[in-house]
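Listed below, chain by chain, are the residues.
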Amino acid sequence: MLRFTLYRVLHVIPTLIIISIISFFIIQLPPGDFLTTQIAALEAQGESLDPAQLEALRIRYGIGEPFWVQYWKWISNIVLHGDFGLSFQYQRPVADLISERLGLTVLLGLATLILTWVIALPAGVISAIRQHKAADYIISVLGFVALAVPNFLAALALAYIGFRFFGQSVGGLFSAEYVNAPWSFGRVLDLLEHLWIPVVVIALAGTAGIIRTTRANMLDELHKPYVTTARAKGLPEGRTIRKYPLRIALNPFVSTAGWNIPSIFDGEVIVATVLALGTTGPLLLGSLRSQDMYLAGGIILIIAVLTVIGTFISDLLLAAVDPRVRFGKA
Amino acid sequence: MAVSFLRARRRRKMAPVKAPRELAAVAVEPEEMSDPGAILDIQNLRTTFRTDEGEVNAVNDISLVVQRGRTTCIVGESGSGKSATARSIIQVVDNPGMVESGRILFRAEPEGPVHDIAALSETGDGIRSIRGSQIGLIFQEPMSSLSPVHTIGNQIAEVLELHTDLDETQIRERVIAELTAVGIPDPEERIDAYTFQLSGGMRQRAMIAMALIARPSLLIADEPTTALDVTTQAQILDLLADLKRDLSMTMIFITHDLGVVAEIADDVVVMRHGKVLETGPVEQIFHAPQHPYTKELLASLPQRESGTGATEPVREVPPRVEVSDAVEMSVRHDEPDVEPLLRIEGLRMEFDSVSGSMFSRGQKKRIVAVNDVSLQIAPGSTLGLVGESGCGKTTLGRCVMRAYRPTAGQIHYDDGGHAVDLATLSKKELRPYRRLIRMVFQDPYGSLNPRMTVREVIGEPLRAAGLAQGSELDDRVEAMLERVGLRRAMGSRYPHAFSGGERQRIGIARALITDPTLVVADEAVSALDVSVRTQILELLAELQQELGLTYLFISHDLSVVERVCDRVAVMYYGNLVEEGPAQSVFENPQHGYTQALLSAVPIPDPRLRGSRPRIVYRPEEAA
Amino acid sequence: MSQPQLPVADPEPDETGTTEDLSAETGRSSGAVASASQRRLIWWRFRKHRLAMIGMWLLVIMYTVAAFAGFFAPFSTSSYEGQHAYHPPQVPQFSFAEGLYVHPTTGHTDLETLAPVFEENTEEFIHLRFFVHGDEYKLLGLIETDIHLFGPSEPGERWYALGADRTGADLLSKIIYGSQISLSIGLVGVAVSLLLGLLLGGISGYFGGTVDTILQRVIELFMSIPTLPLWLGLAASVPPQWGAVPTYLMITVILSLLGWTSLARVIRGRLLQIRDEDYVLAANLDGVSTGRIIFRHMVPAFTSHIIATVSLAVPAMILSETALSFLGLGLRAPAVSWGVLLQDAQSVNVIATAPWLLIPGLAVVLAVVAFNFVGDGLRDSADPYGKRS
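Predicted model, so just to flag it, every value in this text is computed and none were measured. (Residues numbered from 1 in each chain as written. Chains lettered and ligands numbered in written order. Predicted model: local features only at pLDDT ≥ 70, side-chain atom pairs only at ≥ 80, totals over all residues. Heavy atoms only, no water.)

1. Re the overall build of chain C
Regarding its fold elements, chain C presents 14 helices and six strands. Here chain C displays about 17,200 Å² of accessible surface, and carbon together with sulfur accounts for 62% of that area. (Helix = DSSP H or I, 4+ residues; strand = E, 2+ residues; numbered from the N terminus. Areas by Shrake-Rupley, 256 points an atom, 1.4 Å probe, with all protein chains shown as cover.)

This is the structure in structure tokens:
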């Protein structure tokens, strides 16, 4: 297990490096360097930058130097000093802006992941055991529809329903009185009350995919000879299914959970924007719209790194539950 | 304390507590059994598979009696319903099958109560209390019949957890003892092994331990040796026989292999298309068969002289040894005089292999599949290449076909007087020889392109060689179809419209359409049922005689090789260990491995049972 | 089928893919099955798949409507009536005297609630007829005409079947015109992805070894990072001043740049699997040329799978375009796509006053569901020997 972990760590490092390069590439994409853009923007507002300060920034970010030099300055500052650069729109360090919102993003992501599992696993298993029966058809059709509804549409629809029929003020993760309040029991409750819409919406699409995978895996496993072996021992039906096919069908499930993380972040960006949540998604969108590239690049980097770590954890989990992976036989 | 309490509770939940009541409900009078000495009496059993398209009777109204303490073999070809019968007994038929009607009277103890276990609910406690504890089941494929993510110890222990009150340490001791009994070395370590860490034979032993650990009075073995090599098969058969004697069990043994039947059966049941055709003691079935189908099955067996007690094979006089066929006769008697059609020298084939472990990926290992093999094949003769799985025989055949480029060595092919070394030819230079050296594949399903008509499939090599086109091509294809025993009109059909035997005929037609000299037949009849196998072998022999073909006949099945080959070469772990005229190799094997291999082949005559000692080959270098 | 009825060979019950199984699966006689090509068998199986057939017909209808948008839409995209902004849908009424009709309305803003109010003039009628003259358009971009399938009988009259948008334009017409971009971007995007996937998957599967390993790692990398932020980043770099067509092309390229990975994986997997099939080895040993092996033996074996995969990839593209446009980083007005139309529906307040603005979303759902049904049906039918996996 230890060696497996080390091996996976070795795989993760190049991935992280390439992801950071891609993130920086995106920062570089808009035409012209961002300082010029910012100066133009400031001048349009009738402000101007002190030439000395300008020169300092130029050196700090390596403007005008080759891509790799700029990249190196950017990434080394992040890794060594936790310095993601400066957001021009907010005139604050990117790291501060991200850290304010990252907690909620991760919370939202985890809640979504858990909800996805809680819904998808039993639904997939039931769908497989009751193949070609009513329950299977209902789950399949619901799954198809859930897969087809764009999540911003679902968010809008749910928000509308909440607004229209429950009088819930939609938007944000907190009610007005709690937005700037310190953490308290009431604030947590308020958060949970607001959390369910985005969580349900983001979970929706992922759930449909996982139900289908689980169902397919279970159908494959249910007809394997080892299930008959278990029955032939005299095991009760429920336990036969729990101990054998379910256990094995879970393996791809655990590994798809890792692949599922990117789609959760994708959903978060859209849904959080529609519902005006205080997470990183709207911040990213805003920064992209205003070409506040260090902020955008920082968020993309953080999200990608979180995803890679999530995938890494799911790989380790898979190895923990499946000896074939652990011993390199699958 | 708390933990063991919980575990006890869980076990009570698993244990079939409602069994006595359910069993009492299906008890019948002992007089209703057709034979008081029987352990199992199946009466008018019908098992159907319900699909969207209607019902299929896999087991169609059969009755049979299993005598206590004896081994009853159910034999039949694929689709005969033998396996469905076995599974119906404890109601574990694969979905969507189910026991439709009939009675299965089971008497666990000699003078005990009789229950109609077919009347029990499929998922109820009653049948569960019998499964595993009274009736054990062993399956064909030990790899897929055991869970890959649970240790074998865990899976075996489960039987005891279900059916006994033993505690955890006692169970572990019992499992280790059982593993020892079935001949698994280092049982204290192997108990925690996963299936993929064991060899095929070891896995089947673990499966046997699982089926027997609760000491059932009846053991059902469903093709338990079919997936195993012949030497391993012999060991498992011996083990089962020993265990049956020591534990005084009754055994139902399902197989398609009459040789195995002759080795172990006391009573035989012959099935076909879901019906029982003939039953009787093994002696009677083998020596006085009544039903024509039984006779047909027996006719497909290699004939041996009975009564001498020796294992001398008596070759059928091959029809091709006619006076007119000068080449053939000279080959058989003094082959050095004739220039061989194919001369393989120092052939070596290595493969790159990513070693099993994930941690050392990137460290490539060289696997030597064929190691310095030299062979000759005389024109018009048949060389049999035998060995067990992984011995390199298929690789050798594919090197001759130049599907692979050999790592070293030469393959000299006699092209009308001058020898060509095929081993070094480029793809382009090989093209003229693609026509002369042809191959018949093992898998009659995978080797025919499902998207081409049979006419296109057979015509493809002619077209590729530019030998014919248009209507001439169609004529030649149709003539060939007729030659291999199919109808001309079948050319416009697709392969899915044919049975396995017919598909193999198509494969042969494709091989012979270009008028080849050498045909490599790689396990060409292994995937076929015995009766079809005989027809295909006869066809191959006829064609050889008629067209003067030379065969390299690759097979794991010694009885087939013995029947069709002039010379035999034996391979073991990539090495050629013995080569010689078929008769002398079979009668008087020189190499230890050949001796072991031959001694492991079941003798298809119950009268000769036990007349031959098993030889075990354990070379120092074999890992 | 005029094929002579041939007696069928004995099927062996335990084997897969016998004529009996196939004739049961396809609902044809076993004689017909015996001489049916794989493509025909797939089609027969597909036709038995009810949801897939429904999906297929839905798609046929949607693409026909998109192709002849000008004819099916009552108005052109540029026709609007400012005072009818946020006009609710009008259900046609019927009387024997007037036929199908709606009443004309005048709109103004309620000064207290600031909500738009529309008053019907029940004295007057707007007659709705088939094949009416209306706004001019070019059919298929070629034939100039002004005939519309259904609409107000007099040019200049207004009718809002699905309501009006923020500018007072007919939403139904906009949805129909929007389908041109929304439905085609999926196909074009997938075509580009497919090209990339075929190229890279093909290279990966054909060469194997180190090239394969590197490409596999790249694909894994792409799959392990969230794509939407990347899309957003790339899309944000498309200059806003670009015209509709270049933006459309850029968005397509961006979508396919990130969408090729799964296709490449499928293609590589199939290629590796087919390369190891015995019949490909047999063709090799028949002396068949490499080109013929690839195009006659290997490609037909995976086209059906590729088509199935593609039809499952199209909806993802449609959803992505919608999402990008919705967020304002994809296409922008005056281009009309479903995503662009949904931009109007960004806030709950707007939806509360004009819930019909969500209707373009329904069109998206319908298209995506239809594609999924078809893809699912194809995947099930494409199995050559009917072995279900």
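2. A word on the sheet that holds strand 8 (residues 218-222) of chain B
All names here are of chain B. Reading across the sheet, the six strands line up as 7-8-9-4-10-11 and stay open at both edges, with mixed pairing between neighbours. Each having just a single partner strand, strand 7 (135-138) and strand 11 (275-281) make up the two edges of the open sheet. Within the sheet, the average angular offset between the axes of one strand and its neighbour, ignoring direction, is 15°. Across six bridges, strand 10 (residues 267-272) lies against strand 11 in antiparallel orientation. Paired with Val268 across the bridge in strand 11 is Gly280. Sitting on the sheet, helix 3 (residues 82-89) touches strand 4 (71-75), strand 7, strand 8, strand 9 (250-255) and strand 10, and the angle it makes with strand 9 is about 150°. (Pairing = 2+ DSSP bridges. Axes fitted to C-alpha atoms, helices over the stretch in contact; angles between N-to-C directions. Contact = heavy atoms within 4.5 Å.)

3. As for the interface of chain A and chain C
Of the residues lining the interface, 39 residues belong to chain A; the matching set on chain C comes to 42 residues. Counting across the chain A and chain C interface gives zero salt bridges. The tally of links from chain A across to chain C stands at zero residue pairs in polar contact (both at pLDDT 80 or more). Looking at the side of chain A that touches chain C, the elements with two or more residues in it are helix 1 (2-28), helix 6 (134-148), helix 7 (151-165), helix 8 (185-222), helix 11 (245-274), helix 12 (280-289) and helix 13 (293-321) of chain A. Among the elements that line the side of chain A that touches chain C, the one with the most residues is helix 11 of chain A, at eight residues. A per-class count over the side of chain A that touches chain C returns 30 nonpolar, five polar and four charged. (Salt bridge = Lys/Arg side-chain N within 4 Å of Asp/Glu carboxyl O. Polar contact = N/O pair within 3.5 Å; in protein donor to acceptor, adjacent residues only side chain to side chain. Nonpolar A, V, L, I, M, F, W, Y, C, P; charged D, E, K, R; others polar.)

4. Side note on the domain arrangement of chain B
Residue and element names in this part refer to chain B. Parsing chain B into structural domains produces domain 1 (9-253), domain 2 (323-436 + 516-622) and domain 3 (455-514). Across the boundary between the two partners, domain 2 contributes 15 residues, which contact 12 residues of domain 3. A buried area of about 1,200 Å², summed over both sides, lies between domain 2 and domain 3, and 67% of it is on carbon and sulfur atoms. A per-residue breakdown of the area domain 2 buries against domain 3 is headed by Arg435, Pro516 and Leu539, which together make up 39% of the total. Joining domain 2 to domain 3, the criterion identifies two salt bridges. With a closest N to O distance of 3.6 Å, Glu542 and Arg483 form a salt bridge. Taken together, domain 2 and domain 3 are joined by three residue pairs in polar contact (both at pLDDT 80 or more). Tallied by class, the residues present in the side of domain 2 that touches domain 3 amount to 11 nonpolar, one polar and three charged. (Domains from an automatic or database assignment. Buried area = accessible area lost by both parts, 1.4 Å probe.)

5. Looking at the sheet that holds strand 5 (residues 126-139) of chain C
Residues and elements named next belong to chain C. Sheet architecture is open: four strands sit in the order 1-2-5-6, paired in antiparallel fashion. Of all the strands in the sheet, the pair left with one neighbour each is strand 1 (93-95) and strand 6 (143-152). This sheet shows a mean twist of 45° between the axes of neighbouring strands, independent of strand direction.

6. Some details on the pairing of strand 6 of chain C
Look at any regular strand and the pattern is simple: side chains alternate between the two faces of the sheet. Residue and element names in this part refer to chain C. Direction of pairing for strand 5 relative to strand 6: antiparallel, over a ladder of eight bridges. Across the sheet, the residue bridging to Val132 is His148, located in strand 6. Hairpin connection between strand 5 and strand 6: a loop of three residues separates the two successive antiparallel strands, and Leu140 in this loop has a positive phi of roughly 55°.

7. Some words on the packing of helix 5 (residues 94-129) of chain A against helix 13 of chain A
All names here are of chain A. Axis separation between helix 5 and helix 13 bottoms out at 10 Å; the angle between their running directions is 40°. Taken together, the axes of helix 5 and helix 13 are oblique relative to one another. Judged by the sense of rotation from one axis to the other, the crossing of helix 5 with helix 13 is right-handed. Contact with helix 5, carried on its side by Val94, Leu97, Ile98, Leu102 and Val106, involves Tyr294, Leu295, Gly298, Ile299, Ile302 and Leu306 of helix 13 and no other residues of that element. In terms of residue class, the contact of helix 5 with helix 13 is made up of 10 nonpolar, one polar and no charged. (Parallel < 35°, antiparallel > 145°, perpendicular 65-115°, else oblique. Left-handed = near helix turned anticlockwise from the far one by under 90°.)

8. Comments concerning the pattern of salt bridges
Side-chain pairs of opposite charge can arise whenever the charged atoms involved come near each other. All names here are of chain B. Inspection of every chain in the model, using the stated rule, returns 35 salt bridges over all chains. For the salt bridge of Arg567 with Glu579, the shortest nitrogen-to-oxygen distance reads 3.1 Å. Within this pair, whereas Arg567 is found in strand 20 (residues 567-572), its partner Glu579 is found in strand 21 (residues 575-581), the two being separated by 12 residues in sequence. Through salt bridges with shared partners, one network takes in Arg455, Glu478, Glu482 and Arg488.

9. Observations concerning unusual backbone geometry
The phi torsion of most residues other than glycine is negative, and most of the peptide bonds are trans. Residue and element names in this part refer to chain B. With a phi close to 40°, Ser248 is a non-glycine residue in the positive phi region. Of note, Ser248 is situated in the loop between helix 10 (230-246) and strand 9. Of the residues examined, Ser248 reaches a relative accessible area of 63% and is grouped as exposed. The residue Asp372 is not glycine, and still its phi comes out positive at about 50°. (Buried < 20%, exposed > 50% of the residue type's maximum accessible area, 1.4 Å probe, protein only.)

10. Re the confidence of the model for chain C
Should pLDDT be low for a region, the predicted coordinates there are not to be read in detail. All names here are of chain C. Mean pLDDT over chain C stands at 78; residues scoring 70 or higher make up 88%. Note on residues 1-17: pLDDT is under 50 here. Beyond four places in sequence and across chains, it has 41 contacts. Considering only residues more than four positions removed or in separate chains, one finds that residues 384-389, a stretch of pLDDT under 50, has 20 contacts. (pLDDT = per-residue confidence, 0-100.)

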